[in-house]
Amino acid sequence: LLAPLGSGAAGAVFRARHVGLGVERAVKVLSSSSSGAADRFEREARSLASVRHPNVVGVHETGVEPNGTRWLAME
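Every value quoted in this text rests on a predicted model; they were computed, and no experiment measured them. (Residues numbered from 1 in each chain as written. Predicted model: local features only at pLDDT ≥ 70, side-chain atom pairs only at ≥ 80, totals over all residues. Heavy atoms only, no water.)

A.B. asks: When you look at the sheet that holds strand 5 (residues 70-74) in this model, what are you seeing that I'm missing?
C.D. replies: Sheet strands pair by backbone hydrogen bonding; their relative direction is either parallel or antiparallel. One open sheet holds the 5 strands; their spatial order is 1-2-3-5-4, and the pairing between them is antiparallel. Edge strands, defined here as strands with exactly one partner in the open sheet, are strand 1 (3-7) and strand 4 (59-64). Looking at each pair of strands side by side, their axes are set apart by 25 degrees on average, direction ignored. Note that strand 3 (residues 24-30) and strand 5 share 4 bridges and pair antiparallel. Across the sheet, the residue bridging to K28 is L72, located in strand 5. Of the strands in this sheet, strand 3, strand 4 and strand 5 touch helix 1 (residues 35-50), which is tilted by about 20 degrees from strand 5. (Pairing = 2+ DSSP bridges. Helix = DSSP H or I, 4+ residues; strand = E, 2+ residues; numbered from the N terminus. Axes fitted to C-alpha atoms, helices over the stretch in contact; angles between N-to-C directions. Contact = heavy atoms within 4.5 Å.)

Listed below in structure tokens is the structure:
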């Protein structure tokens, strides 16, 4: 993670660089650990990944860290 870009009720977004590829992406990190928030986060990821439009950010990858932190890598 390189720098914070913004934050809100659901989480924070950071400018990040992929270690292996060297490309920059935006990474959204979920701030809540509740099951409802996790479900909404997963629905958001699936919804964004299914849309191809110049005004909608593309999803590259999602994941869950060993400590349970959920994240979403975007354009």
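A.B. asks: Explain the pattern of salt bridges to me, please; I cannot follow it from the model alone.
C.D. replies: Two side chains with opposite charge may pair up if their charged atoms get near one another. Applying the stated rule across the entire model yields 4 salt bridges. When the shortest N-O distance is used, the salt bridge between E24 and R15 registers 3.1 Å. For E24, a relative accessible area of 37% puts it in the partly exposed group. The class for R15 is partly exposed, based on a relative accessible area of 35%. Each of R15, R17 and E24 takes part in one network of salt bridges that share partners. (Salt bridge = Lys/Arg side-chain N within 4 Å of Asp/Glu carboxyl O. Buried < 20%, exposed > 50% of the residue type's maximum accessible area, 1.4 Å probe, protein only.)

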